[in-house]
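What follows is the residue order along each chain.
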Amino acid sequence: MIPACAVADLSEGEAIRIPGEVPIAVFNVGGEIYAIDDTCSHQDASLSEGWLEGCFVECPLHAASFDLRTGMPTGAPAKKPVRTHRVVIKDGVIHVVPQNQEAVV
Amino acid sequence: MRTVAVVGASLAGLRAVEELRAQGFDGRVAVVGEEPHRPYDRPPLSKAYLAGTCSPESLRLADDADTDELAAEWHLGVRADSLDPATRSVRLSNGEEITADGIIIATGGRARPLLGAEGLSGVHTVRTLDDAAALRADLENSTGGVVVIGAGWIGAEVASTCHTLGRQVTIVEAGLTPLARVLGPTMGRICAALHSDHGVALRTGVGVQSLTSTGFGPWKRVTGVDLADGTHLPADVVVVGIGMLPNTEWLAGSGVAVDNGVLCDAGCVTAFPSVVAVGDVARYQGPDGPVRHEHWTNASEQPAVAVRNLLAGTTIQEYRPSGYFWSQQYGTRLQVAGHPGDADEVAVVDGSPDDRVFVAEYRRQGLPVGVLAMNNPKLFGRLRRQLRAAVAI
Ligand SMILES: Cc1cc2nc3c(=O)[nH]c(=O)nc-3n(C[C@H](O)[C@H](O)[C@H](O)COP(=O)(O)OP(=O)(O)OC[C@H]3O[C@@H](n4cnc5c(N)ncnc54)[C@H](O)[C@@H]3O)c2cc1C
Ligand code: FES
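None of the values given here were measured: they were computed from a predicted structure.

> Can you break down the interface of chain A and chain B residue by residue, with the values?
At the interface, 16 residues of chain A touch 18 residues of chain B. Interface area for chain A against chain B, summed over the two sides, is near 1,300 Å², with a carbon-plus-sulfur share of 49%. Together, Trp51(A), Leu61(A) and Lys79(A) form the three largest contributors to the area buried by chain A at its contact with chain B, with a combined 39%. The tally of links between chain A and chain B comes to two salt bridges.

Encoded structure:
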């Protein structure tokens with residue numbers, strides 16, 4: 001489980017990036033927190049810098065849109081989904097459980 | 001409409017096929033592409049592909065499943081040689097003929113060659129996958145200096161990539177300030193400074209006199225570049241990045257009007273309602289006269305409009321360009337939207353050019369008309385949207 005930031009520090013419509021070997025982007029959509037891989041599955045843009053529209057984030061480079069709930073792209077140019085990660089809020093802090101580590105936690 | 005022929009099997013051609021199906025056309029779609037490859041993405045050719053960090057397979061714009069779903073006929077490695085105005089049939093280089101009720105022209109462009117460089121090995125342009133593969137192989141088999149002729153987007157990217165590969169690079173640019181036509185002199189200078197930041201020499205305001213070479217016949221190979229001011233730049237590899245020429249020669253005698261691109265109306269429709277043009281080759285009627293864009297987003301977005309008008313048989317929708325394009329050099333991301341060229345003023349609204357992180361807004365009579373960002377995609381995204389809303393571009 002990786003601590004991201006305090007709930008209070010991530011306002012609605014904002015995103016932060018957790019650096020790491022596989023960086024993760026955390027979004028606050030109307031109070032709901034989502035975490036997905038930060039790197040767009042198309043090329044190498046950072047999705048935490050993308051445009052948030054409801055539950056979708058639009059990649060800042062070539063505008064592929066991803067559903068934050070499923071990681072699925074809605075169309076070109078991205079073809080592959082990005083991974084979604086489980087979010088746990090503990091003591092006012094947002095934590096992310098990286099999907100590939102889910103089993104060992 | 002029962003048959004549509006799409007000529008050109010790259011980004012705009014593929015998007016046109018996708019739009020035909022998405023908009024409900026269930027007739028025959030025949031695609032003709034001169035290159036032997038399935039549609040692939042060009043932007044990485046001067047960046048990741050040239051650097052050796054991505055494979056040709058990862059450039060593909062559609063995988064087999066996507067392609068199957070489109071149920072189109074692909075005539076690849078075959079050129080369209082002519083279009084018959086009376087029968088609307090396309091004659092192919094292999095002797096076949098495709099007769100269609102609708103024609104989508106998506107033939108893009110080819111690299112503008114440097115006169116005098118014909119048949120000289122070591123001299124490259126970068127437009128196709130085969131071009132980029134040849135350049136990459138040449139870079140792998142040589143160690144000397146690289147001279148890039150032209151400091152536009154592609155020249156700058158190739159210079160950056162060659163620098164990353166450990167090569168000593170010099171760029172030669174005939175204009176006084178690189179990119180000044182697109183970005184204006186101030187921002188052109190700021191972007192060009194990326195070269196000197198990384199120790200890549202930039203020579204501006206000087207033309208190329210001739211290329212020097214050694215050997216003869218098929219063994220003739222470039223050894224350097226002579227500049228108009230008398231300087232000689234030794235080189236193992238020379239890359240020519242001096243723009244592109246739209247591929248329109250095949251339309252001679254077809255009645256389709258051609259002038260630096262295929263002339264069409266604001267909805268990408270030519271004088272024939274059954275013939276439309278999309279992507280780099282389309283010179284459509286913009287608010288200030290005919291314009292042609294050479295950017296990925298344009299080639300990606302125009303087909304939706306062109307196909308709608310083709311299927312309707314008349315122009316029911318006009319194309320609104322976003323003017324968006326990007327470039328990547330020396331790990332720096334540049335993004336541009338709108339029409340910076342129309343501005344009478346440019347102001348840095350965030351960050352600082354000295355830090356190589358900033359956003360600049362272009363204004364005309366005080367109103368925003370364009371935006372340029374260096375390493376600042378988030379604010380760029382916001383301003384780009386505001387721009388679109390403000391001037392409906
Ligand atoms: C090296 C490079 C880097 C780039 N980087 C960027 C970037 O970072 N950002 C950006 O926004 N844009 C970039 N671009 C521009 C972008 O790739 C083009 O705008 C886009 O490819 C245009 O697509 P198109 O389908 O209109 O034309 P093209 O890609 O030129 O395709 C036309 C196709 O038609 C075929 N053809 C031509 N004549 C015939 C004929 N008579 N019969 C059959 N087939 C024919 C050609 O072989 C070609 O495959 C780059 C381009 C290049 C070359
Ligand atoms: S990198 Fe995200 S859409 Fe291309």
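Let's pick the thread back up.
> Explain helix H6 (residues 180-197) of chain B residue by residue, including any values.
All names here are of chain B. Look at H6: only 19 Å from first C-alpha to last across 18 residues, short of the 26 Å you get at 1.5 Å a residue. The principal kink in H6, of about 90°, is found at threonine 186. One or two steps after H6, the chain reaches glycine 199, where phi turns positive at roughly 75°.

> Describe the packing of aromatic side chains, naming the residues involved and giving the relevant values.
Residues and elements named next belong to chain B. Tallied over the entire structure, the rule returns six aromatic pairs over all chains. Taken together, a centroid distance of 5.7 Å and an interplanar angle of 45° make the contact between tyrosine 324 and phenylalanine 380 tilted. Placement of tyrosine 324 in the loop between helix H7 (296-312) and strand S22 (325-329) and of phenylalanine 380 in helix H8 (residues 377-391) is noted, with a sequence separation of 56 residues between them. Pair check on accessibility: tyrosine 324 and phenylalanine 380 agree, each one buried. Through pairs of rings, three or more aromatic residues link up here, namely Trp296, Tyr324, Trp326 and Phe380. Between arginine 136 and the ring centre of tyrosine 49, over which it is positioned, the NZ or CZ distance is 4.7 Å.

> So what's going on with the sheet that holds strand S14 (residues 221-227) of chain B? Residues and values would help.
Hydrogen bonds along the backbone pair up the strands of a sheet, which may run parallel or antiparallel. All names here are of chain B. One open sheet holds the three strands; their spatial order is S13-S14-S15, and the pairing between them is antiparallel. The sheet terminates laterally at strand S13 (208-214) and strand S15 (232-234), the two strands that pair on one side only. Taking each pair of neighbouring strands and ignoring which way they run, the sheet shows an average axis angle of 30°. Sheet topology places S14 next to S15; three bridges connect them, and they run antiparallel. Bridging across to S15, glycine 224 finds its partner in proline 234.

> Can you explain the side chain of Ser142(B)? Please cite residues and give values.
All names here are of chain B. Secondary-structure assignment places serine 142 in the loop between helix H4 (129-140) and strand S10 (146-149). Looking at serine 142, the relative accessible area reads 11%, which means it is buried. If we ignore the near neighbours within four places in the chain, the residues touching serine 142 are Arg167, Asp236 and Val237.

> Can you explain the domain arrangement of chain B? Please cite residues and give values.
Residue and element names in this part refer to chain B. According to the domain assignment, chain B consists of domain 1 (3-110 + 245-312), domain 2 (113-240) and domain 3 (331-392). Once you take the C-alpha centre of each, domain 2 and domain 3 turn out to be 29 Å apart. If you look at the interface, domain 2 gives nine residues, while domain 3 gives 14 residues. Counting the surface lost from both domain 2 and domain 3, the interface buries some 940 Å², and carbon and sulfur atoms represent 75% of this. Applying the counting criterion to the domain 2 and domain 3 interface returns one salt bridge. Two residues, aspartate 197 and arginine 356, come together in a salt bridge whose shortest N-O distance is 2.7 Å. Here domain 2 is connected to domain 3 by two residue pairs in polar contact (both at pLDDT 80 or more). At eight residues, the largest contribution of residues to the side of domain 2 that touches domain 3 is made by H6.

> I'd like a description of the environment of Thr164(B), backed by residues and values.
Turning to its location among the elements, Thr164(B) is positioned in helix H5 (residues 153-164). In sequence terms Thr164(B) and Gly331(B) are 167 residues apart; their C-alpha atoms lie 9.6 Å from each other.

Conventions adopted
Residues numbered from 1 in each chain as written. Chains lettered and ligands numbered in written order. Predicted model: local features only at pLDDT ≥ 70, side-chain atom pairs only at ≥ 80, totals over all residues. Heavy atoms only, no water. Contact = heavy atoms within 4.5 Å. Buried area = accessible area lost by both parts, 1.4 Å probe. Salt bridge = Lys/Arg side-chain N within 4 Å of Asp/Glu carboxyl O. Helix = DSSP H or I, 4+ residues; strand = E, 2+ residues; numbered from the N terminus. Expected span 1.5 Å × (residues − 1). Bend = angle between axes of the 7 residues up to and from the residue. Phe/Tyr/Trp six-rings, centres within 6.5 Å; stacked < 30°, edge-to-face > 60°. Buried < 20%, exposed > 50% of the residue type's maximum accessible area, 1.4 Å probe, protein only. Lys NZ or Arg CZ within 6 Å of the ring centre and 35° of its normal. Pairing = 2+ DSSP bridges. Axes fitted to C-alpha atoms, helices over the stretch in contact; angles between N-to-C directions. Domains from an automatic or database assignment. Polar contact = N/O pair within 3.5 Å; in protein donor to acceptor, adjacent residues only side chain to side chain.

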